[in-house]
Amino acid sequence: MDYRKEIGGLRWRKTSLKPINIGEANARKGGEEEELLSPAARLFHEPNFNVYIIAILGCKTRIDPDLVRAKLPHTLLKHPRFSSLQVPVEGGKEEKQMKWVPTAVNLDNHVIVPPEIDQSTFAGDADAGKKFVEDYISDLTKTKIDASKQPLWDLHLLNVRTSEPDAEAVGVFRIHHSLGDGVSLTSLLLACTRQIADPDALPTIPTPRKKKEEGRGRNGGVLGRGFWRAVVAVWTAAVLLWNTVVDVAAFILTAIWVEDTKMPLKGPHGVEFLPRRFVWKSMSLDDFKLVKNAMNATINDVALGATQAGLSRYLNRKLGGSENDGEKNNSLPAAGSIRIRSTLLVNVRPGPGIQAMADMMEKDTEVKWGNWIGFILLPFTIGIRDDPLDYVRQAKAVVDRKKRSLEALFTFSIAEFVLKLFGTKTSNALSHRIITRTTLCFTNLVGPLEEIGYYGHPLAFLAPTSFNQPHGLMINFQSCVDKMTVVLSVDESTIPDPHQLCDDIVNSLELIKNGVISSGLSQS
């Protein structure tokens, strides 16, 4: 979920986390002094926080590797982070520093095309093709990109048909998190795409609608209206302050001793060093919109509600429960006795946006870039409900409550204070401690409204995720035109049956949709 929308115009300018000026970075290729990595970027080089982002692009046609190689120098490589090495600085300070050093990029080392795959192996069995792709991406989590030899990204092109509708091939980006935050990197990748109907047009990303200003009160007078606005403003500020204090206290207590309940979803100590399995499935975005409109919720509320329902079904089965002919056998602990939370790493700095990225690549304009990381701890409600709509109602209540809090800004400030006072090692220890004391990571990203193509290849779906994070489970939702794709990144020792969990989330959405239809809410 994008909490940056909730903190609007707040811009905190910090010298230690100065945004990268890409125009200046390009100018330095002529031999001027290289730029140091920000503390946040260095954080992602710590052994227990060495996170990579994976972006899976399902294509409706076979991918032409020569066309992709021809386009990259004019798009992605225009960004200096994708054409720079990260080199340790010798001597100087006690704490290890690193700098960006522009380099010539050999695309043969970055665009990986496996030997021609015998499609007859998967003839008549699209699931076998998808299993091949899943295994291939899982193997990527067992290797690292050599930072001393090349920029920390690569693109793997697999001309393999999968079970996803219309998916004839798959492209897989692997990008080290030190290159940027997830929102900015997603904007950069989408800026490399164009609409299928209009090859010169960038994708359109929906933005939240602003609430209309309420009409006058009954008295219609300026004095009366001003009084009630003042009352509402004071009350809103009080709620914001109280929620922020409670959330920051929860953050501090989690860093000290509060930990989630040991359940089959929680990864073991050292899970960040284990390989990952990625599974994904697409659903109809119209189903999300049907529930959203009927329940006066958001797409994010529906995604979170379906996830809570799916996790509840999965855990209930793991603990011996079952569901037969609608009669629920509940084996979950009593409500309130389970603590399961998601850690959201939020970039509190507004992202550059697709248009800014496109201008940077086409016109060499400047764009701000950098990680300003704050934390949000999102509680999950686990339990078997008689009414499936309750999952969405509970999710909406939690999200609405989090929107009335400055948790991300204050946790960012705490993390930065620790970083400045004690250095990267201590800051990493704090971040690692917070994440390992929670159960999972959950995100929901908004995608394009129109059909788009990546270098002329029409996309069937998008599925972003990551690995090497200190969680055994990560759940991402990504919309694209009329589809919503859920993708799971799991440690298989924690979640040995990730396809079952993915199906539980998808089936839960279907139950929620049917609940809306049967209740008559969809007609109101």
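Identification of the protein as Diacylglycerol O-acyltransferase from Linum trigynum is taken from an unreviewed UniProt entry. Check the Sequence similarities (unreviewed entry) section of the UniProt entry for the protein; it says "In the N-terminal section; belongs to the long-chain O-acyltransferase family."

Here we come to the overall build of the protein. A tally of helices and strands in the protein yields 13 helices and 20 strands. For the protein, restricting intrachain contacts to residue pairs at least 6 apart in sequence, the fraction spanning at least 24 positions comes to 79%. Accessible surface computed for the protein: about 23,800 Å², of which carbon and sulfur atoms make up 55%.

Take the nonpolar core next. L72, L76, F82, W153 and F173 are the most contacted members of the largest nonpolar core, which has 60 residues in total. Among the elements that take part in this core, strand β3 (residues 52-59) stands out by supplying seven residues, more than any other. Counting residues in each nonpolar core, the second largest holds 55 residues, with A294, F442, V490 and L509 among its members.

Take the sheet that holds strand β8 (residues 169-176) next. Read across the open sheet, the seven strands follow the order β6-β7-β8-β3-β18-β17-β9; overall the sheet is mixed. Of all the strands in the sheet, the pair left with one neighbour each is β6 (111-112) and β9 (193-195). Across the sheet, helix α5 (residues 182-191) is in contact with β3, β8, β9, β17 (452-454) and β18 (457-467); its angle to β9 comes to roughly 60 degrees.

Examined bridge by bridge, strand β2 (residues 35-36) and strand β5 (residues 98-102) share two bridges and lie antiparallel to one another. Note on β5: the bridge partner recorded for L36 is K99. Bridge count between strand β4 (residues 84-88) and β5: five bridges; the pairing is antiparallel. Paired with S84 across the two strands is P102, which belongs to β5.

Turning our attention to the confidence of the model for the protein. When pLDDT is averaged along the protein, the result is 85; 83% of the residues meet or exceed 70. This model gives residues 1-32 a pLDDT under 50, and the stretch forms 75 contacts once residues within four places in sequence are excluded. Below pLDDT 50 for its whole length, residues 213-218 participates in two contacts with residues either more than four positions away or in separate chains.

Moving on, we get to the packing of helix α8 (residues 299-318) against helix α13 (residues 498-519). As a packed pair, α8 and α13 sit with axes 8 Å apart at the nearest point and diverge in direction by 125 degrees. The angle between α8 and α13 places the two elements in the oblique class. Between α8 and α13 the crossing geometry is right-handed. Contact with α8, carried on its side by V302, G305, A306, T307, A309, G310, L311, R313, Y314 and R317, involves Q500, L501, D504, I505, N507, S508, L509, L511 and I512 of α13 and no other residues of that element. In terms of residue class, the contact of α8 with α13 is built from ten nonpolar, six polar and three charged.

A separate point is the side chain of Q97. Summarising the element assignment, Q97 is placed in the loop between β4 and β5. According to the relative accessible area criterion, Q97 is buried, its value standing at 14%. Among the polar contacts made by the side chain of Q97, one reaches the side chain of R42 at a distance of 3.3 Å.

Note on pairing: side chains with opposite charge can pair once their charged atoms come close. What the rule picks out here adds up to 30 salt bridges. For R277, the salt bridge is made with E134, and the minimal N-O distance between the two is 3.9 Å. Highlighted residues: R277 in strand β10 (residues 277-284) and E134 in helix α4 (residues 126-140), separated in sequence by 143 residues. We note that R277, like E134, is buried. Note that D135 is salt-bridged to R277, the shortest N-O span being 2.7 Å. Here R277 lies in strand β10 and D135 lies in helix α4, a separation of 142 residues in the sequence. Beyond isolated ion pairs, a larger network of salt bridges with shared partners links K131, E134, D135, R277 and E492.

Helical periodicity: at 3.6 residues per turn, an α-helix aligns residues three or four positions apart in one direction. Buried within helix α7 (residues 285-295) we find L285, D287, F288, V291, A294 and M295. Those residues of α7 hidden inside the fold are in contact with β10, α8, α10 (389-403), β19 (473-480), β20 (483-490) and α13. With a side-chain oxygen positioned 3.2 Å from the backbone nitrogen of D286, the residue opening α7 is S284.

Attention shifts here to the sheet that holds β4. Strand order in the open sheet made by the three strands is β2-β5-β4, with antiparallel pairing throughout. Every other strand in the sheet has two partners, leaving β2 and β4 as the edge strands with one partner each.

Here the focus is the environment of T443. Relative to the helices and strands, T443 is located in strand β16 (residues 441-445). The sequence separation of T443 and A303 amounts to 140 residues, and the corresponding C-alpha distance is 9.4 Å.

Below, the discussion takes up α10. Taking 1.5 Å as the rise per residue, α10 with 15 residues should run 21 Å; its terminal C-alpha atoms sit 21 Å apart, in good agreement. Those residues of α10 that sit buried are L389, Y391, V392, A395, V398, V399, D400 and K402.

On to the environment of T162. In this structure, T162 sits in the loop between β7 (153-158) and β8. Under the relative-accessibility criterion, T162 is labelled buried at 4%. Residues T162 and F122, spaced 40 residues apart in sequence, show a C-alpha to C-alpha distance of 9.1 Å.

Quick notes on the rules
- Residues numbered from 1 in each chain as written.
- Predicted model: local features only at pLDDT ≥ 70, side-chain atom pairs only at ≥ 80, totals over all residues.
- Heavy atoms only, no water.
- UniProt positions renumbered as here; feature names shortened; annotations may be inferred.
- Helix = DSSP H or I, 4+ residues; strand = E, 2+ residues; numbered from the N terminus.
- Contact = heavy atoms within 4.5 Å.
- Areas by Shrake-Rupley, 256 points an atom, 1.4 Å probe, with all protein chains shown as cover.
- Core = buried A, V, L, I, M, F, W, Y, C linked by side-chain atoms within 4.5 Å.
- Buried < 20%, exposed > 50% of the residue type's maximum accessible area, 1.4 Å probe, protein only.
- Pairing = 2+ DSSP bridges.
- Axes fitted to C-alpha atoms, helices over the stretch in contact; angles between N-to-C directions.
- pLDDT = per-residue confidence, 0-100.
- Parallel < 35°, antiparallel > 145°, perpendicular 65-115°, else oblique.
- Left-handed = near helix turned anticlockwise from the far one by under 90°.
- Nonpolar A, V, L, I, M, F, W, Y, C, P; charged D, E, K, R; others polar.
- Polar contact = N/O pair within 3.5 Å; in protein donor to acceptor, adjacent residues only side chain to side chain.
- Salt bridge = Lys/Arg side-chain N within 4 Å of Asp/Glu carboxyl O.
- Expected span 1.5 Å × (residues − 1).

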